[in-house]
Amino acid sequence: MDLQFFDQERIVAASSTGCVTVFLHHPNNQTLSVSQQWTAAHYHTGPGSPSCGSAPCTGVVCSNPEIVTVGEDGRINLFRADHKEAVRTIDNADSSTLHAVTFLRTPEILTVNSIGQLKIWDFRKQGNEPSQILSLTGDRVPLHCVDRHPNQQHVVATGGQDGMLSIWDVRQGTMPVSLLKAHEAEMWEVHFHPSNPDHLFTCSEDGSLWHWDASTDVPEKSSLFNQGGRNSTFLSHSISNQAGVHQSLISSWLSTDPAKDRIEITSLLPSRTLSVNSLDVLGPCLVCGTDSEAIYVTRQLFS
């Protein structure tokens, strides 16, 4: 269900069986061995649950030495490498499915769920209550993915069942700053570029893979969709007001002046494929995997 590097040698895998496994990579013979495993990290309990009621582990995030997992059981686990038991478990963190998780700062995580909520959790606090809940009023559209801006920890992007891209400022209110009309079906993953975060990438069930460019150094950038055979204009719905926040600190993703909202969207796949399920990006390279059992690699993102 999810896969993350823990360090240069270890990879953490989240399974639909509810198991979380740390694999050790052996580069000399290109094999993997199991270095650690929590077999029942996620499971259903209560009336009507089967005795072997394992629940899928839907997401994992790593910040060495810590590993945080979320699952369909609404449970959050905090593991540490080389500890046999969970360091902390929030059993009933959510009554709905938790779909994804990211670190805001080391003791704080942010989860997204199947009823359209973002919740912030602080591991320094006892109890099972989130420190903050954000959601789109009246909307219970399941959220599938979340990513945090690499430099500005209060800025997060989410995507979900309706294909919309939402940008949130967790310091301000409980609503998204921008809602951007995006894919025609579920958005499966969203990623800020790790070293160039004015660029963001999304992939969808509709077979599309998009590069969103919000950099402000391009004069009079058109806000039309490029290359994809789709001339839909970009829709921005700005909700919050940034008055009082110093201009130079505002991420390009938080700009709310419609006249300045210039986002260039480029389609990175030559033609629609089956669902694009996962993507990752580093430097000039992007890789994605699809339901057509193909892996696509783009080596010149910024050329």
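Residues numbered from 1 in each chain as written. Predicted model: local features only at pLDDT ≥ 70, side-chain atom pairs only at ≥ 80, totals over all residues. Heavy atoms only, no water.

The name an unreviewed UniProt entry gives the protein is Nucleoporin Nup43 isoform X2, with Mustela putorius furo as the organism. One UniProt comment on the protein, placed under Subcellular location (unreviewed entry), says "Nucleus". (UniProt positions renumbered as here; feature names shortened; annotations may be inferred.)

Ranked by internal contacts, the top residues of the largest apolar core, which has 19 residues, are Leu-165, Ile-167, Leu-200, Trp-212 and Trp-253. Broken down by secondary-structure element, the contributors of at least two residues to this core are β14 (155–160), β15 (165–169), β17 (187–192) and β19 (209–213). Considering every element that reaches this core, the biggest residue donor is β17, with 3 residues. Sequence-distant contacts of Ile-167, defined by excluding residues within four places in its chain, comprise Val-155, Val-156, Ala-157, Pro-176, Val-177, Ser-178, Leu-180, Trp-253 and Leu-254. (Core = buried A, V, L, I, M, F, W, Y, C linked by side-chain atoms within 4.5 Å. Buried < 20%, exposed > 50% of the residue type's maximum accessible area, 1.4 Å probe, protein only. Helix = DSSP H or I, 4+ residues; strand = E, 2+ residues; numbered from the N terminus. Contact = heavy atoms within 4.5 Å.)

Next up on the list: the sheet that holds strand β6 (residues 66–71). Ordered in space as β5-β6-β7-β8, the 4 strands form an open sheet in which the pairing is antiparallel. Each having just a single partner strand, β5 (57–63) and β8 (88–90) make up the two edges of the open sheet. Taken pair by pair, the neighbouring strands of this sheet meet at an average axis angle of 15°, ignoring direction. One ladder, built from 6 bridges, connects β5 with β6; its direction is antiparallel. In the sheet register, Cys-57 faces β6, and the bridge partner there is Gly-71. (Pairing = 2+ DSSP bridges. Axes fitted to C-alpha atoms, helices over the stretch in contact; angles between N-to-C directions.)

Further remarks concern the layout of surface pockets. Size it by volume and the largest pocket reaches roughly 1600 Å³. Forming the walls of the largest pocket are 42 residues, and the residues nearest its centre are Asp-2, Leu-3, Gln-4, Glu-189 and His-191. For the lining of the largest pocket, the elements supplying multiple residues, two or more each, are β1 (2–5), β5, β9 (98–105), β13 (143–148), β17, β23 (276–282) and β24 (285–290). Counting residues per element, the lining of the largest pocket draws most heavily on β23, which supplies 6 residues. When its residues are assigned to classes, the lining of the largest pocket shows 23 nonpolar, 13 polar and 6 charged. (1 Å grid on protein atoms, 1.4 Å probe; cavity = no way out; pocket = protein on both sides within 12 Å on 5 of 7 lines; lining within 4 Å. Points joined across faces, edges and corners; volume = space filled by probe spheres on them. Nonpolar A, V, L, I, M, F, W, Y, C, P; charged D, E, K, R; others polar.)

For the coordinates displayed, the defined rule picks out 8 salt bridges. For Asp-122, the salt bridge identified is with Arg-124, shortest N-O distance 2.8 Å. The class for Asp-122 is buried, based on a relative accessible area of 12%. One salt-bridge network, held together by shared partners, links Asp-73, Arg-75 and Asp-91. (Salt bridge = Lys/Arg side-chain N within 4 Å of Asp/Glu carboxyl O.)

Time to look at the confidence of the model for the protein. On average, the protein scores 86 in pLDDT, and the residues at 70 or more come to 84%. Scored below 50 in pLDDT, residues 219–249 shows 70 contacts in the model against residues more than four places distant or in partner chains. (pLDDT = per-residue confidence, 0-100.)

A separate point is the side chain of His-193. Inspection of the secondary structure puts His-193 in the loop between β17 and β18 (199–204). Taking relative accessible area as the criterion, His-193 reaches 1% and is therefore assigned buried. Among the polar contacts listed, one links the side chain of His-193 to the backbone nitrogen of Ser-195, at a separation of 3.2 Å. Within polar-contact distance, the side chain of His-193 engages the backbone nitrogen of Asn-196 at 3.1 Å. (Polar contact = N/O pair within 3.5 Å; in protein donor to acceptor, adjacent residues only side chain to side chain.)

Quick look at the environment of Val-141 now. For Val-141, the position within the fold is in the loop between β12 (132–135) and β13. Taking the C-alpha atoms as reference, Val-141 lies 9.9 Å from Gly-163; in sequence the two are 22 residues apart. Setting aside residues no more than four positions away along its own chain, Val-141 makes contact with Ile-115, Gly-116, Gln-161 and Asp-162.

Residue Pro-65 follows Asn-64 across a cis peptide bond; omega there is 10°. Looking at the element boundaries, Pro-65 is found in the loop between β5 and β6. In this model, Asp-82 sits at a positive phi of 75°, which is unusual for a non-glycine residue. Positionally, Asp-82 belongs in the loop between β7 (76–80) and β8.

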